[in-house]
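# Observations on the model geometry
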Amino acid sequence: MTEQQLVDLLQSMTLEEKIGQLTQLDGSCFSGEGPVTGPEQELGIPKEKFLLAGSILGVTGADKIEQIRRICIEAQPHHIPPIFMADVINGYQTILPIPLALGCTFEEEAAKKTGDIMAREAAADGLDITFAPMVDLVKDARWGRVMESTGESVYLNSRMAAAMVEGIQGESEDFSGHLGACTKHFAAYGAPMAGREYCAVELSERSLREEYLPSYQAAIHAGSAMMMTSFNTLDRIPVTGNEKIMRGILRDEMGFQGVLISDWNAIGELILNHVAEDKKEAARQAVVAGVDIDMMSGCYMSRMEELVREGTVEEGLIDESVLRILKLKNRLGLFERPNRAEKLPEYGVALLSEENRKVAREIAAKTMVLLKNEENFLPLKREEDVALIGPYMEEKGILGAWSFFGDREKSITILEGVRSKNPSAHAKSGCGILNPGQTVYGFKFHETNEMTEEETERSIQEAAEYAAAHKKVVLALGESPLQTGEGGSRADITIPDVQKKLLDAVYAVNQNLAVIVFAGRPLDIRAIKEKAKSILYVWMPGTEGGNAIADILYGDRVPEAKLSMSLPYCVGQCPVCHNEFWTGRHVEDGENITNRFQSKYQDIPNAPLYPFGYGLSYTDFTYSDVELDRAEIHEGEELEAAVVVENTGAVTGKEVVQLYLTDEYASVARPIRELKGYQKICLAPGEKKKVVFKISMDMLCFYDRKMEYRAEPGSFIVRIGTDSVNGKEARFWLRK
Ligand code: BGC
């Protein structure tokens, strides 16, 4: 349709119909035959009105979607097709690694491919939009949703955000064969106080603008069709009802022109946040703030008509939102072809195809961080006598907390992966993932360990005997996926106690030990670090996890991942990150401290157990000194910083060469170091490569004392190295 036709359509719609377009309902409100009884009370909407909903979430399966689509189109006076949306986060049926793991690739191509595969599969099954990517910056490992982000660096997050949007949306204007992206959660949802889910966010405006907004901005630049509001308050105001944030920052400053949707019942929660007394006031605040679609609170559909009729809300605001939604439907091509999936056979998309599995396996291997490898314990040789032990050895639930549509039965366990290389391999679980009797609640199911204490004791004993009878042990441990994700905040970020017992029992009889860690967050793994010769941190690796792990264990793939989030020493350090600030009492760990009054803990180091950007390979890389093409630049100029990296080991490997900047003196406190560039290179044994970074003015800018975004003259340190701690330095000056 032309823009004029969309405007004409809008003008011919009743207010009730328009408000319908602003309403999103969950699949539970519909059956194939029509609206269902049940949710109307909670939503405050008569069930007949459900059919006016402009979009529907959480329904999957082309046939089911088609049925609901048909009854909605039929019932709508103008037969406007609904949009179908769902949470396809790290895969639809082929599940790829969780986003935090994806961050560890430092490779946009991997993010793009992930977005591409998940979007193509979901589109083939009838969906139009995914609620992804989540680009919230995260620093606090206690928060369960760190798994959905690409980590703690604004720079890395921004690059990955753009790549994910590009992958999800594909090349064509109408997202053909792909999905529209709904970037979330605007804004700063990733900084809940104390890492507790849904908690208030208290950030300075400087921090919000410098660290938190750029990844959303990158997603907008990449063309994200939609954006989702966040649940949290920011500066004491719930974001979903904050006009300054939504209309002021998101639309006017950041230039977002797409559709803005609330998070689930976030408009209704304005009441629970105690800023609105009832649904009517909540609806008013949200629409004034600029929220186009109300996801599942019913506030718009139940109260908006009254607000408009009495003149509290101008109909113009409603029209603005409806037009944006109609434009999105038009862009998706829904007016011509309400069922986008129909067209898909021509794209030849197959769900969970061998080809997608192959890519999933490759990407999974790229996300696994080798944290320790004493005596080159890994890789294993095929003929080596190894005991495979641990509750994750034969576990299929390795898809991550947000993989509702993937079938865990289709995933490859470690044992299966190892058997493809060594057919006689066996495994013993030793214990359950959770403690005996422990239950963790999930969305659709909950996970319980029904093993008794006695059974567990026996099983650990057996595992220890098995360990004692072999030369080497590989132990697969970790938290449960349901201990992560939404509602997955934890105050104890270690592995469950029963697994600690297993670790101790195995270590007591065999110290030739490698540990594979499954996690949705940076865990406190001090106990593992103490005992294991080798540690491979595999996150939640997805459908092909077991194959990818086996590839790394046996050296068919060389580890190349780097931590996208610092691994804290212990929970008491959280949040901990690479770009902390100078204090007036800064000390480095290990410094000889004679004064009590320093910025330090009495009982733990300041530094994380493993820093951001850290990760080993099966080969070694050495770095030359940093060479600058000039030592001074003026406003608007650039300089080049280069290092020569050499592979001094015996196998070909990939290295993420990282660039960090320090602004030595400025009008406001600046981070001690900040990631500002990276390049991933591949080197054969003995090969050297010169890696050149351009340092441009935008890399030196920050919000100064007057909140002006600019670079201040003075000296800067550029450090290029293998992680956020180790590197070679040089100094340059920005002159007036
Ligand atoms: C989450 C969103 C998600 C939505 C719809 C909410 O609880 O915060 O990230 O997209 O549910 O499932």
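Residue numbering note: each chain is counted from 1, following its sequence as written. This being a predicted model, a pLDDT of at least 70 is required before a residue's local features are given, and a value of 80 or more before pairs of side-chain atoms are given or counted; all residues contribute to the totals for chains, interfaces and linings. Heavy atoms throughout the structure, all of them, feed into the side-chain values; hydrogens and water do not.

### Some words on the overall build of the chain
Helix and strand definitions here come from DSSP, where helices need a minimum of 4 consecutive H or I residues and strands a minimum of 2 consecutive E residues; each element is numbered from the N-terminal end. Counting its secondary structure elements, the chain contains 19 helices and 29 strands. For 736 residues, the compact-globule estimate of 2.2 N^0.38 gives 27 Å, and the chain sits close to it at 26 Å. Along the first, second and third principal axes, the C-alpha set of the chain runs to 75 × 70 × 50 Å. Buried, partly exposed and exposed residues are distinguished by accessible area as a fraction of the type maximum, computed with a 1.4 Å probe on protein chains only: under 20%, between the cut-offs, and over 50%, respectively. By residue count, 61% of the 736 residues in the chain fall in the buried class. Contact criterion: two residues are considered in contact whenever any of their non-hydrogen atoms come within 4.5 Å of each other. Relative to all contacts within the chain whose residues are 6 or more apart in sequence, the contacts with residues 24 or more apart total 77%. In the structure as shown, the chain presents an accessible area of about 27800 Å², 47% of it carried by carbon and sulfur atoms. Here the globule rule reads 2.2 Å times residues to the power 0.38, and the radius of gyration is calculated from C-alpha atoms. Using a 1.4 Å probe, the Shrake-Rupley method yields the accessible areas, and only the shown protein chains count as cover for residues.

### Comments concerning the pairing of strand β22 (residues 639–647)
In this analysis, strands are considered paired if DSSP registers two or more bridges between them. The pairing of strand β19 (residues 621–623) with β22 spans three bridges and is antiparallel. When the bridges of β22 are listed, Y623 appears paired with V645. Inspection of the sheet shows strand β20 (residues 627–628) paired to β22 by two bridges, in the antiparallel sense. Of the residues in β22, the one forming a bridge with L628 is A641.

### Examining the packing of aromatic side chains
Any two of the Phe, Tyr and Trp rings considered here, Trp counted by its six-membered ring, make a pair once their centres fall within 6.5 Å; the pair's planes then place it as stacked at under 30 degrees, edge-to-face at over 60, or tilted in between. On inspection of all chains with the given rule, the structure shows 16 aromatic pairs. Geometrically, the ring pair formed by Y189 and F231 is edge-to-face, given 6.0 Å between the ring centres and 65° between the ring planes. With a gap of 42 residues between them, Y189 in the loop between β5 (180–186) and α8 (205–221) and F231 in the loop between β6 (226–229) and β7 (233–234) connect regions that are remote in the sequence. What makes Y189 buried here is its relative accessible area of 1%. On the basis of relative accessibility, which here comes to 10%, the residue F231 falls in the buried class. With centroids separated by 5.3 Å and ring planes inclined at 55°, the aromatic side chains of W402 and F404 adopt a geometry described as tilted. Owing to a relative accessible area of 26%, F404 belongs among the partly exposed residues under this scheme. Joined through ring pairs, the aromatic side chains of Y92, W402, F404 and F405 make up one cluster. The ring of Y678 is capped by R159, whose NZ or CZ atom sits 3.8 Å from the centre of that ring. Comment: the charge-over-ring label is applied if NZ (Lys) or CZ (Arg) is within 6 Å of the ring centre and within 35 degrees of the ring normal. The residue whose ring lies beneath K428 is Y466, and the NZ or CZ to ring-centre distance is 5.4 Å.

### Some thoughts on the layout of surface pockets
Cavities and pockets are defined on a 1 Å grid built over the protein atoms alone: a cavity is a set of grid points where a 1.4 Å probe fits but cannot escape, while a pocket is an open set with protein on both sides within 12 Å along at least five of seven lines, and lining residues are those with an atom within 4 Å of any such point. Grid points are joined across faces, edges and corners, and a volume is the space filled by probe spheres set on the points. Approximately 780 Å³ is the volume found for the largest pocket. Looking at the largest pocket, it is lined by 32 residues, and the ones nearest its centre are C577, E580, H586, I672 and R673. Three categories are distinguished: nonpolar for Ala, Val, Leu, Ile, Met, Phe, Trp, Tyr, Cys and Pro, charged for Asp, Glu, Lys and Arg, and polar for the others, with Gly belonging to the last. Of the residues belonging to the lining of the largest pocket, the class tally is 14 nonpolar, 10 polar and eight charged.

### So, the domain arrangement of the chain
Bring the parts together and some accessible area is lost; that lost area is often taken as the interface size. When cut into domains, the chain gives domain 1 (87–261), domain 2 (357–571) and domain 3 (619–735). In this document the domain limits rely on a domain assignment from an automatic tool or a database. Of note, the centres of domain 1 and domain 3, computed from C-alpha atoms alone, are 27 Å apart. Tallying the contact residues gives 12 residues for domain 1 and 13 residues for domain 3. Summed over both partners, the accessible surface that disappears when two parts come together, traced with a 1.4 Å probe, is what is meant by buried area. For the pair domain 1 and domain 3, the summed buried surface comes to about 1200 Å²; carbon and sulfur atoms form 57% of the total. A pairing counts as a salt bridge when a side-chain nitrogen of Lys or Arg comes within 4 Å of a carboxyl oxygen of Asp or Glu. Run the count over domain 1 and domain 3 and you get two salt bridges. E210 is the partner of R670 in a salt bridge, and the nearest nitrogen-oxygen pair spans 3.5 Å. Polar contact criterion, stated in full: a pair of N or O atoms within 3.5 Å, where within protein one must be able to donate a hydrogen and the other to accept it, and residues adjacent in sequence count only if both atoms are side-chain atoms. Counting across the interface, domain 1 meets domain 3 through seven residue pairs in polar contact (both at pLDDT 80 or more). Listed by contribution, the elements that provide at least two residues to the side of domain 1 that touches domain 3 are α7 (154–169) and α8. The greatest single-element share of the side of domain 1 that touches domain 3, amounting to four residues, is contributed by α8.

### Observations concerning the site of the ligand
Surveying the vicinity of the ligand reveals the residues L57, D87, F131, R145, K184, H185, M228, F231, D263, W264, M295 and E486. Contacts to the ligand include R145, whose side-chain N or O atom sits 2.7 Å from an oxygen atom. A distance of 2.7 Å separates an oxygen atom of the ligand from a polar side-chain atom of H185. In isolation the ligand exposes 310 Å². Once the protein is present, 91% of that is buried. By residue class, the composition of the shell around the ligand is six nonpolar, one polar and five charged. Any residue with a heavy atom positioned within 4 Å of a molecule or strand is treated as near that molecule or strand.

### A few points about the sheet that holds strand β17 (residues 513–518)
Strand order in the open sheet formed by six strands is β11-β18-β17-β16-β12-β13, and the pairing between neighbours is mixed. Sheet topology places β11 (369–373) and β13 (427–428) at the edges, where each strand pairs with a single neighbour. Where strand β12 (residues 386–389) and β13 come together, two bridges link them in parallel fashion. Residue I389 lies in a different strand from β13, and its bridge partner there is K428. Note on definitions: angles span 0 to 180 degrees between N-to-C directions of axes, and those axes are lines fitted to C-alpha atoms, for helices only across the stretch in contact. Contacts between helix α16 (residues 453–468) and the sheet are confined to β12, β13 and β16 (472–478), with β12 contributing the most and set at about 160° to the helix. Here helix α17 (residues 497–509) sits on the sheet in contact with β12, β16 and β17, set at roughly 170° to β16.

### Here we look at helix α12 (residues 299–309)
Every buried residue of α12 is listed here: C299, Y300, M301, M304, L307 and V308. What you see down the axis of α12 is that its buried residues fit within an arc of 140°, all on one side. G311 sits one or two positions beyond α12 and adopts a positive phi of about 85°. Each direction from the helix axis to a C-beta atom contributes to the arc, which is the arc of those directions.

### Comments concerning the environment of V138
Tracing the backbone shows V138 in the loop between β4 (129–130) and α7. For the pair formed by V138 and E148, sequence separation is 10 residues and the distance between their alpha carbons is 9.4 Å. In contact with V138, not counting residues within four places along its chain, are W143, V146, S149, G151, E152, G190 and M565.

### With respect to the sheet that holds strand β21 (residues 632–634)
Strand order in the open sheet made by the five strands is β21-β29-β28-β23-β24, with mixed pairing throughout. Lying at the two open borders of the sheet, with one neighbouring strand each, are β21 and β24 (674–683). Neighbouring strand axes in the sheet, compared pairwise and without regard to direction, differ in orientation by 25° on average. With six bridges connecting them, strand β23 (residues 653–663) and strand β28 (residues 714–721) associate as antiparallel partners. By the bridge assignment, L659 is partnered in β28 with I720.

### Focus: the pattern of salt bridges
As enumerated under the stated definition, the model contains 62 salt bridges in all. The residue D497 makes a salt bridge to K500 at a minimum N-O spacing of 3.0 Å. Taken as a pair, D497 and K500 lie in helix α17 at a separation of three residues, close to a single helical turn. Residue K500 is classed as partly exposed on the basis of its relative accessible area, which comes to 26%. One connected set of salt bridges, linked through shared partners, spans E107, K366, R557, E560 and K680.

### Focus: unusual backbone geometry
What you tend to see is this: most non-glycine residues have negative phi, and most peptide bonds are trans. The residue after A132, namely P133, is reached through a cis peptide bond having omega 5°. Looking at where P133 falls in the secondary structure, it is placed in the loop between β4 and α7. Following K184, the chain continues into H185 via a peptide bond in cis, with omega recorded as -10°. Tracing the backbone shows H185 in strand β5. A positive phi angle, close to 70°, is found at Y198, a residue other than glycine. One can find Y198 in the loop between β5 and α8.

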